[in-house]
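Overview (structure and organization)
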Amino acid sequence: MDDTDTDTDTGTLTLRPLTARSIVLSTLLGHHPPQLPARALVRVGALFGTAEGTVRVALTRMVAAGDLEQNDGTYRLTDRLLARQARQDDSRAPRTRRWDGGWEIAIVTSDRREAAERAALRQAMAALRLAELREGTWMRPANLVHPRPDVAAEQCGWFTGAPEGDPAELAARLWDLDGWARQARLLGAALDDAEEPAERFTVAAAALRHLLADPVLPARLLPRDWPGAELRRRYDGFERDFRAWLPRYAGGG
């Protein structure tokens, strides 16, 4: 799912309206396999009051930008966005292993890096759910099963260690756990309360984006009543409904 925005400063949830591009990407990123005919994407856009011409212009621009491939009226995600879909799928069912107290530690060892290389590493570390302790030093509990992309292996030296102090305190320094949990509860409640398909779709897009930022820490490092599993359960309920609804709604001519 794609561009949404949330704000909990007032204890309420505010979502940015989805653009035509966001509607198309959100639909395809949440669909397996990630390809649909144009008529289906147009009819999803209609849920949001987006005109057919606006959706078709967005499709043309997304093909030109390399986001989509088109074949006989069917649009599918390109390889770059298939990787994004894989990250989203992993955020819903992260692969974990028994934690023995060890931490992954990555230290940048490259002397000189271009801005693009630094940005690529930061993106890779976010995907690996590592947090930056200080400039060039990244870490997380070693409880996840995740292959390291080349950019992370090439720019960093990797070590295993453990803090001498309280690991829960370190985790709270590295991640805004209370803020993430507060947002997750608001999104979960909004998914339950949303009734119209467009409203549920918009909230689900925000929920999936939020799950990408879940650090997926061992239970003993988390605050009590951590809502990560509950938000995943509620999103799974939306996806089951969406998969059943889409062929009925969008299958017509």
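Structure shown above.
This text gives an overview of the structure that appears in the document. For clarity, every value in this text was computed on a predicted model and none was experimentally measured.

**Details of the layout of surface pockets**
- Reported here for the largest pocket is a volume of approximately 890 Å³.
- Residue lining of the largest pocket: 32 residues in total, with Arg 87, Gln 123, Ala 126, Ala 127 and Leu 128 positioned closest to the centre.
- Of all elements in the fold, only helix H4 (79-92), helix H5 (115-127) and strand S5 (131-134) reach the threshold of two or more residues within the lining of the largest pocket.
- When residues in the lining of the largest pocket are grouped by element, the largest group, 7 residues, is from H4.
- In the lining of the largest pocket, the residues fall into 21 nonpolar, 2 polar and 9 charged.

**Comments concerning the environment of Leu 68**
- Along the chain, Leu 68 falls in strand S2 (residues 68-71).
- If we skip the residues at most four places from it in the chain, Leu 68 touches Val 24, Leu 28, Leu 59, Met 62, Val 63, Tyr 75, Arg 76, Leu 77 and Thr 78.

**Considering the packing of helix H1 (residues 20-29) against H4**
- Contact geometry for H1 and H4: axes closest at 10 Å, N-to-C directions at 65°. Helix-helix and strand crossings are classified by hand; for H1 and H4 the assignment is right-handed. In contact with Leu 25, Leu 28 and Leu 29 of H1, H4 contributes Leu 81, Arg 84, Gln 85 and Gln 88.
- For the contact of H1 with H4, a count of residues per class yields 4 nonpolar, 2 polar and 1 charged.

**Structural notes on a negative patch on the surface**
- Judged by side-chain charge, Glu 114, Glu 117, Asp 150 and Glu 154 come together as a negatively charged surface patch.
- Here Glu 154 lies in helix H6 (residues 150-155).

**Section: the sheet that holds strand S7 (residues 156-161)**
- Pairing is antiparallel across the open sheet formed by 4 strands, whose spatial order is S5-S6-S4-S7. The outermost strands of the open sheet, each flanked by one partner alone, are S5 and S7. Neighbour to neighbour, the strand axes of the sheet diverge by 30° on average, direction disregarded.
- Looking at chain direction, S5 and strand S6 (residues 137-141) are connected through 3 bridges and run antiparallel. Looking at S6, one finds that Glu 132 is bridged to Trp 138.
- Sheet strands touched by H5: strand S4 (103-108), S5, S6 and S7. Its angle to S7, the strand with the most contacts, is close to 30°.

**Some details on the environment of Gly 66**
- Along the chain, Gly 66 falls in the loop between helix H3 (52-64) and S2.
- Considering only alpha carbons, one finds Gly 66 and Arg 97, 31 residues apart in sequence, at a separation of 36 Å.
- Excluding residues within four positions of it along the chain, Gly 66 makes contact with Thr 78 and Arg 80.

**Considering the side chain of Arg 92**
- As for its position among the elements, Arg 92 is in helix H4.
- Those residues in contact with Arg 92 that lie beyond four places of it in its chain are Leu 208, Leu 211, Arg 232, Tyr 235, Asp 236 and Glu 239.

**Remarks on the pattern of salt bridges**
- Throughout the structure, instances matching the rule amount to 15 salt bridges.
- A salt bridge links Asp 192 to Arg 234; the nearest nitrogen and oxygen atoms lie 3.1 Å apart. With Asp 192 in helix H8 (residues 177-193) and Arg 234 in helix H10 (residues 228-250), the pair connects residues that are 42 residues apart, well separated along the chain.
- Connected via shared salt-bridge partners are Arg 92, Asp 236, Glu 239 and Arg 243.

Calculation notes
Residues numbered from 1 in each chain as written. Predicted model: local features only at pLDDT ≥ 70, side-chain atom pairs only at ≥ 80, totals over all residues. Heavy atoms only, no water. 1 Å grid on protein atoms, 1.4 Å probe; cavity = no way out; pocket = protein on both sides within 12 Å on 5 of 7 lines; lining within 4 Å. Points joined across faces, edges and corners; volume = space filled by probe spheres on them. Helix = DSSP H or I, 4+ residues; strand = E, 2+ residues; numbered from the N terminus. Nonpolar A, V, L, I, M, F, W, Y, C, P; charged D, E, K, R; others polar. Contact = heavy atoms within 4.5 Å. Axes fitted to C-alpha atoms, helices over the stretch in contact; angles between N-to-C directions. Left-handed = near helix turned anticlockwise from the far one by under 90°. Patch = residues over 30% accessible without salt bridge, like charges linked within 9 Å, V, L, I, M, F, W, Y side chains within 5 Å. Areas by Shrake-Rupley, 256 points an atom, 1.4 Å probe, with all protein chains shown as cover. Salt bridge = Lys/Arg side-chain N within 4 Å of Asp/Glu carboxyl O. Lys, Arg positive; Asp, Glu negative; His and termini not counted. Charge placed at Lys NZ, Arg CZ, Asp CG, Glu CD. Pairing = 2+ DSSP bridges.

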